[in-house]
Every structure is written in structure tokens, then in C-alpha cells.
Amino acid sequence: MADTQYDKATLAKLNAIAAGNDAAPQAGRRGGGLKLSGKGFEDIIFKHWGPNPTKKTYERSPFADDAAKHRAELVSKLPGERLVIPAGTVRHRTWDIDFLFRTGTAYAHLTGLGRDLEADSALVLDPVLNDDGTAGYHATIYLEPAIDRSNPRFFSDSKHGEFWVGPRPLPEDFHIMTGLDIKDRTELEDALRAGAGPDGIHIRLLRGYDPSIDALVNKVREESGLGDADANRAYDAVLEQAEDECRIIKTPREVAEIRKAVEATQRGFDRVADILPIARQVKRGERLLEATFTHSCRYEGNYISFETNAASGPRATILDYHANDHALKDGELFLLDAGIELDSLYSADITRTFPVNGKFTKEQREIYQAVLDSADAAIAAANKPGAVYHDMMDAVMVSIAHSLEKLGILPVSAEEALRPDGHQYNRWLYHGTGHHLGLDCHDAYRARNEFYPDAPLKPGMVFTLEPGLYFDAADEMVPERYRGIGARIEDDLVVDEDGVTKLLTTFARTPDEIEAWLAAHGPEDYLQSFLDHEAACAE
Amino acid sequence: MTSTESNGDALSVLRAAAAGNATEPQKGKTAGGLRIRGAGFDQLIFDHWGDSPREEVTRSPLADDAAKHRDDFAAALPGERLVIPAGAIRFRTNDVTYNFRVSTPFAHLTGLGGDIEPGPVLVIDPVVREDGTVGHHDTLYVAPPIGHDDKRFYADAMHGEFWVGPAPTLADFETMTGIETRDIAGLKDALAANAGADGIRLRVFRGADPAVEALVDGIREASGLGDLKANLPLDQVLEEREDELRVIKTPAEIDQIRQAIRATERGFERVADVISLAPKVKRGERLIESVFMGSCRFEANDVSFETVVGSGRRSTFLHYMINNHPVAATDAVVLDAGAESQYLYAADVTRTLPVSGKYSPAQRRVAQAVLDASNAAIAAANKPGAHYHDLMAAAMDSIAHSLEDMGILPVSAEESLKPNGQQHCRWLYHGTGHHLGLDCHDAQHARDEYYPNAELKPGMVFTMEPGLYFHDNDLLVPEEYRGIGVRLEDNLLVTESGEVVILSDGVPRDPDGIEAWMAEHNPQRYIADLTGVDPSAEA
């Protein structure tokens, strides 16, 4: 059908009719709200309040010391400049329903704060001169303070007022948690302007977290002769790159925290294994297992660190399948790719592929073993002297190519496929086989190549290893008996103090171990596991 | 070390230090990604694919209603082009997204619900019919699926079929909605066609898709229809009109809300099953919350808003959603929660549950006062000629009298209920209800004559949620009541005959009823009731 054609007469008629439409909404709409007024109310609302009987005592964050190290490292990459790191702002699901706030990764990394601390705030690293004449820095957090009973707006401010959100940390509490100077957000603009200019202090901003801070920094920069938003795009991207690079090496404390995240994730998988016999029998088995995993993570930590894949049967060949609403079928595999995000925001990321009825078929075992072999090959490659990060993926592909040859799927020899002009095997494994892991699940993604894929493996690196094989149900190059099978095995690894690359994950990995793990779990264990492991929950 | 008001010397040292800082990020970073190259791969990747199994697509049960809504909407703003985006993807952090949920007006005007990917746009164009009257023609713009003939099917991780599975075709969208569906590549030209001050005016729904908003803003400015500032009120009118269309629900919509309520009630029952375990674990609130959310995610699409689990003194905080505190056996817990149906309709129910299964005398007294207020409001709603705001007035009247009976109100109820009194609002300071539908706080932008000042009409669905909140340091309240917060929230329907009935009475409302209901539940029932499968049969 052709586009709506408007002749002149039609346009004129429509225009005339539209001219009568309202051009402004009604002022002062009330909806379902309550307008609080009345002298009697105003007379009593500010009085007759005792002290807060259970005021929380805040402690220095266990990551505050590490955060100080990270700040120093970041400044050493970009000395002499003002660096602005917003925490972020609340995201909306619908017009007034918000998602629970999750503070920005760089902000968490550089302050030691986690969870939801604190929306609409920003960390500013100002360049200062040290006594020895070198360029140093001073860190300040600018935030919108919570409003407790000492401030008359505690009942009228539904965003910050204690009447509405309960007691939140006050500025002095943030100072205790971080050790940093805490100032009111209203002071931010002047602070940004101080000394700013082409011959003075340049400003770099971590963009995209907080639109109002983005707008403020852009305005200050433009008015200070530092260029507009477009002119600073690459400049700001360097800050993001530099901060990501500071996250490649984890401190011992961070490694310990990720280990906790791995253990919590494994308990989530255990609980999924408990429910599996039930999930087999309900219409939306995938959804029941996805919800079981999320439930476990929300109970022990902050949330899940990424959208769970709970993919049964052929849906396992769709890498970003998230609908998670199909039934499980006896005889098929179930792929679960999931990870917890702790209150500290450190994450884990594990994938296991297991048979719905508890026993791998011959074909499933062959494919699973091929994937496992490639993972073991990668770990071996990582432990060769002088190994660099991308050696792992290279080793996976070599192993996969040979496995596909043995399975009779590769249309050329493995040797041919492994040449630069080959790569036929990528039809069945077409994603990167791992990533750094930390405060972001896909951590440090904007680091330069020499810090990431081309970097020699170093103590403190934490990353996933996740080879897979995916035989699409419609793939005519694959024998029918393999079609519809997708398998991925993902573990989390650390390079330890001695430079050895080893597994952080500690649970079932081989086909036999997987079958034993499934056999050892059942619904009768399910609720009890919440009692048994409650000590592992965050405070 | 404080101010960074640097003097000239310091500035020049800092500038010198900064002079070597990078100004551009590295190009071509690969991080953990796989760059697929190789002539061998290119040669075989596009061939040897059979037909991917496709999900069957049916007309949405809400498609007919949506067509009627479009008629009404176009009639509210005749002669104009109305642009309704489904929404853009929302990021939680870095590259992790939230589960996508289409915007409310898009759902209302297309009948599409959960499981739709971000991006589509509905455009309602004005037309002049043959008889000279003004009508409308609707078009849905979506991105076509990326199949095996397009390199992006493996290379585009956001849209390619390898990654997201087979997406619905344009024909599928026509089947689901009955709306003519076109490639979104044509959206810009379609929006710009005949746009202008003498031609077609455009309005866009804001807050869902910034890119579409920017497109419309650009077209309006370029065609002489004014800048953003000039058009914002017009766009707000669009939102106002669409909200007003949602005040009355069709039978199919009421059915969706009933489904959401049923899923919500089942979630409450799951909470009742496990609540006795809550005092045994560190994060009892989180145990309750994750049980409820897991139930909704399994039974329905998701929760419709962030769950409130306020135990003990936290029951007095309205927007307390961290839900991570311990639960004592003597606590009463405010659980304010709701599921979202498959087609995105919300429920919103609150019950205040005694953890031990029995209310203390003080808790009971407060719960009774709140129940009385709810019943008074429903009685007022059922008087002939009742208006929406009569409900809140009746609830407040009842609350004021209860506070007088309890010896808490410092003046008489009659005094407090005067406009210059309102002392009772110290203990109930929120609106006692809201329309409910595709948005939890539905139709909140409707003009007053459609909302608080409207006469109750068949098809209206709204909440009634009085509460009493005695903060633990409230010196005007006897000690026995301090720290107690109670809310009771039900979802009400105005039936065809004009009667106002409770839809959410699947969970009892009165203290005796709640105690009896809780006594029927226990942890042993949990899995069987959640799934319909008896775990003891799995042994």
C-alpha cells in the first residue's frame, strides 16, 4: 500500500481541525495523590519526635583501602586533570516505577561503596600539587544528602525524606564508609569551574551514567573554553578506558570477594538442581529454574549480575535467549548461564549444561566432552611460561577444530581450518570464549588490547573461560543426531600469586561429576538450604 | 588538603603534568571478543541452513480492544500524527540490560505485551475519509528479522538470529496486532511526510525511546513546528489523553488484572508458607521478598513494581525496598507487592502479616482501624452518585475517628477533619489509592475531571490502601504503638451494574481471617503449592 498521500485540500482540513486541539496539559493535576496541608497538621508535624532509637553505626568499607589504591592508579594514568565519576541515577521501568538502583561500577571501584550507594552522587578527583611539587589529587564525593528528622523536609520529600525511604546514610556516614570529604551536590558546579580552562585544569567525565551531571560538566566545559560535548567525546572515552584498565588486576581482597561470589553462585546452581525434578513437570520449567536462581541470589546478595540464560533443548543454541519460558523435555539438555552480584557488586559468571533427566545421552556426552576438552586445553595453555590472555581462546579453537573433525562435522581437516584463511569451525563456536570478571560481569571491556587480549597473564587477573558448541536445529551441515544440541561450560579462573591459572569454581565439571551432582540434589533439600547457608548472606 | 583554587604556578605544573595524557581511546579494541575472519568461514556460513523452527504467532487477545483504543485516541487529538514508541533498551550497568517491557501507551494501543523486543514504533496518521470526516490510519514500524542471508545474523550480537533466535517477521506483527506493519527503516520519511505548521503536526510519547523522541524533535524543528521547548506541552497533552483512555477498562483488560491479582495472591500464599523460617535467617525480609518475586516470575510475567517488605519498625517507611533486615517473630511485616500479567497489567496488594501467625493486641488494634477505613471507603464508593475522591475522604474520616478512639489524636476527629486541621495526616500521609492497569499507578496524568473528580463508572479499577504509621520515635503515640505500621491494600472494580467490589479478597483482609489463613500454610506445602507437583513423589 502506498504511503498516505495528502493533497493540499486534505492537509488544510486536517491542519484546521488540529488547530483546535489542546496545546498544554492541565496544571496542578492531583491523580490519586494527597495534598498535605492544613495548619493543624503543620503545627504538629515538626514536633514531638524523639531521637532515632536504632540509628545505624556505619563502618569503613572493607574496600576503602583498595579504592584509595585504585584512585592513585587512575590519577597516575591521567595526572593533572579533573576527573568526574558519577554514581548514576535511578532507571525507570515505567513512568514512575523504578528499578532498584545499582551504583556505577567505576564509582564503586574508586570509593569502595556498593549496592545502591549512592544515586545522583559523583566522585571528583581534583589535581593538586603535592608538597614535593609532583602532581597529586584530592578526592571529594558530592551527593544529595538524605533528609532525617532534623530537617523539616523529612516528610515532604518523598525521594530523600526519612518518612518515606527510611533512615539512609548521612554525609558523615559516607565519610566513615569511604574516608573521603563529602560535600553537597549543590557545590559541584563551582568545584568543577575552579581553575578550569584550556591553560588551566581540563575536565574528563565518565559519560552516560547521570544525564544531569553530563549536562553540568558539558556546560562548565563549554563556558570555560574547553569545548562542547562532541569535542570532548574522545577525551572522555580515554577516562573510561583508563578506569577499565585499573580493574584488570584485582587486589587479594577483591579476589576473595569474587571467590565468595562464585561460591554463592554455585549454591544457586545447587538450588536449581534441587528443583530440576519438579521443573521437568511444569509448563514453564525454564522460568521456574530461572526464578529459583534469582531467588537464591537476591536472598544471599544484591541481585543477579546479568540476565540469566535458562535454555532448554534447542534454545541453548541461541546465545542471548532470555525469554526462559519453555518446558523442559526429558532427554534434552538444559543450559544455565547465570551469576550473582554481591552487595559489594562483585560478580561471578558460571555456565553448566546438564541433562534434564539426569543422564547424558551418548551424543550429548560427545559434545559436552569436546567442550570440556577445549576448556582444559585453554587452562593448560594459560599455564605455559609467558602465556598471554588470548592464548586461551586460541587453544580452545585448536581443540574445538580437532573435536569437530573427529565428530565428522568439519568439512575440511582441522589443520586446514586452523589456517588464517580457514576458520570453518566458527560456524559452531562464534563467540569470544571468556572475559575478565569483576565489578562488571564483562569487566574492563574498554581496556586497550595490550592490557586485555594481548596482555601476559599476571597474578590478580580474574576471568571466565566459556567454550561452547552450538548445533542449530536447522543446521544441515550437522548430522541429525546432533542437531538442536547446545552446550557451554563456563568457569571462573584466577591467576594466583605464583602466576598459576586455576579454577575458582569448585563444583561439578566432567559429565560424570554432573550426573552425580544432579543425583545428589532434590526438592526435599530445597528450603533447608536457605537455613543452612544463611550465614553466607550479606549483612 | 582542601581547596583546589590553584594559583598560577600550581596550574602550570599541573598543565605540564597533563600535557602527555592521551586524547583519544585506542581504536579496534577487541577485549574478550572473537573477530571472525577466514575465507573458509565466509564460504560456508551462509549456506546449508534449513528453516529455523518458528514460534507460532496468534492474534493478541487484546488486539480488538487496542483497535478501539486507537479510535478513541485519534478522536481525542484529531488531525495530528501521533507517535508512540515501544521503548529503547535499558541498561543496568555497562552492557547488562534489564528485561525489556514495552511502554504503557504502546501496549494499550497495540495489544502487545511481554516478550516484545525494544524498538517498535506505532504511528497514528490522520486521514480524511470519503465522507469528509476525519479518521486515522495506523502503522507499526519494526525491524525485520536478520536471517541467514545477512552477515549480521552471526555478527550482530544484539539482533542477529544466532544470538537472539528467530525474531517475529513483519507479517507476524500484523497477525498479532492487526496493524499494517512496515520496516522501521522507513520511519523517518513517514514521520517527516507533510510535517509542518501548515501541514501535519506531530506529537510523541516521551520517556520511552530517546532516539525516536530526538527524531521527532528534529523533524518538528526542521519543518517549522518549533523546538523542544515549544512542543513539550503538546507532548504532555498526548500523555494526558492516553492516560485518560485508560481510566475505563474493557472486559478483556479486567480479566488480565484478575490474572495478575490471582498470581499476586498465590505469591502471598507462598510467603505465608515460608514466613516461619524468616526469623531463623539473617535476612528474613529478603527471604520473603525473593519468595514472592520468584512466585510472580514463575506464574506471570514479573512483578509490576519493586516489592516492599517492611518488617518491624521498617513497616512505617512507605518506600522501603532494600528489604534486607532481620525479621523478628514478634514483628508484623508490611508486604506491598504485585504481579504483572502476561500482557503487562498490574496488581497491587498489601497485607500486614504477623510473623508468628498471631497479632499482638497493639498490632491488632491498628490493623482493625485500617480495615475499618478500607470498609468505610468501599461503603462510600457504593453510594449512588459516588465520586472517586469520596473514597479517600471516607478513609480519612474513619482514620481520624480511630485515632481519636485510640487517644492519639491531639484534637477531636471533627476538628482534625476540617481543612485547616488535618492533624491525622501525621499518621497517614499518602494518597489512599490509585487507578490500576497497565501502569501500577495508572492514568496518573489524567485531568482531574477524569480522575479524582470523576463519578465512579463501570470498568474503573483502583486500589484502596489506607494505612497507619507510628514511627518508633513518635512522642505523640503511646509506647505500645510505636514502631507499628499497618497498610491494607485491595484492588477494587466498578462492575457493570455500578457496584464496587473487591477483586483481591483471595487473601483475607481482617485480623482473624489473616491469622486463620496463615495457620493453614507451612514450609512443607511450599513446593507443591508453587508448582502443582508434590516433591515427596520425587523421592
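Bear in mind that the values here come from a model prediction, so they are computed numbers and not experimental data.

Rules used throughout
Along each chain, residues carry numbers from 1 onward, in the same order as the chain's sequence is written. Think of it this way: whatever chain is written first is A, whatever ligand is written first is 1, and the rest follow in order. Local features in this predicted model are restricted to residues whose pLDDT is 70 or higher, and side-chain atom pairs enter the listing and the counts only when it is 80 or higher, whereas totals over whole chains, interfaces and linings include all residues. Note: side-chain values were computed over all heavy atoms of the structure, leaving out hydrogens and water. Each residue gets one of three labels from its accessible area relative to the maximum for its type: buried under 20%, exposed over 50%, partly exposed in between, using a 1.4 Å probe on protein chains only. By the criteria applied, helices consist of DSSP H or I runs no shorter than four residues and strands consist of E runs no shorter than two, each listed in order from the N terminus. For two strands to pair, DSSP has to find at least two bridges joining them. We call a set of buried Ala, Val, Leu, Ile, Met, Phe, Trp, Tyr and Cys residues a nonpolar core when their side-chain atoms join them within 4.5 Å. Note on definitions: a residue-residue contact is assigned when non-hydrogen atoms from the two residues lie within 4.5 Å. For helices, the axis comes from a line fit to the C-alpha atoms of the stretch in contact; other axes are also lines fit to C-alpha atoms, and the angle between any two N-to-C directions lies between 0 and 180 degrees. Here, the term disulfide refers to a pair of cysteine sulfur atoms separated by no more than 2.5 Å. UniProt positions are given in the numbering used here, feature names are shortened, and annotations may be inferred rather than shown by experiment.

Considering the pairing of strand β9 (residues 309-312) of chain A
Residues and elements named next belong to chain A. Across the two faces of β9 the burial is the same, with Asn309 and Ala311 and Ala310 and Ser312 all buried. In terms of strand pairing, β9 meets strand β10 (residues 333-338) through four bridges, oriented antiparallel. Within β10, the residue paired with Ala310 across the bridge is Leu336.

A closer look at the nonpolar core
When a protein is soluble and globular, its nonpolar side chains tend to lie buried together. Among the nonpolar cores identified, the biggest contains 148 residues, and Phe354, Leu404, Trp428, Leu457, Leu469, Phe471 and Trp517 of chain A are the most heavily contacted of them. With twelve residues, helix α10 (residues 252-279) of chain A is the largest single contributor of residues to this core. In this view, Trp517 of chain A contacts Phe269, Asp270, Ala273, Phe354, Phe507 and Ala508 of chain A; residues no more than four positions away in its chain are not counted. With 58 residues, the next largest nonpolar core counts Trp49 and Phe163 of chain A together with Leu391 and Leu468 of chain B among its residues.

Points about the sheet that holds strand β1 (residues 81-85) of chain B
Strand order in the open sheet formed by five strands is β6-β5-β4-β1-β7 (chain B), with mixed pairing between adjacent strands. Two strands in the sheet have a free side with no partner beyond their single neighbour: β6 (180-183) and β7 (202-204) of chain B. Neighbour-to-neighbour, the strand axes of the sheet open up by a mean angle of 25°, direction not taken into account. With three bridges connecting them, β1 of chain B and β7 of chain B associate as parallel partners. Note on β7 of chain B: the bridge partner recorded for Arg81 of chain B is Leu202 of chain B. Contacts from helix α1 (residues 8-18) of chain A reach β4 (121-128) and β5 (134-142) of chain B, with the element oriented near 110° to β4 of chain B. On top of the sheet, helix α7 (residues 170-177) of chain B reaches β5 and β6 of chain B; it is set at about 155° to β6 of chain B, its chief contact.

What to know about the state of the cysteines
Residue and element names in this part refer to chain A. On inspection of all chains with the given rule, the structure shows zero disulfides over all chains. With no disulfide of its own, Cys537 lies closest to Cys297 among cysteine sulfurs, the gap being 11 Å. Its relative accessible area of 3% is what places Cys537 among the buried residues.

Remarks on the UniProt feature "domain: Aminopeptidase P N-terminal" (unreviewed entry) in chain A
The feature "domain: Aminopeptidase P N-terminal" (unreviewed entry), as given by UniProt, occupies residues 62-214 of chain A in the numbering adopted here. Across residues 62-214 of chain A, the secondary structure splits into 28% helix and 22% strand, with the terminal C-alpha atoms separated by 30 Å.

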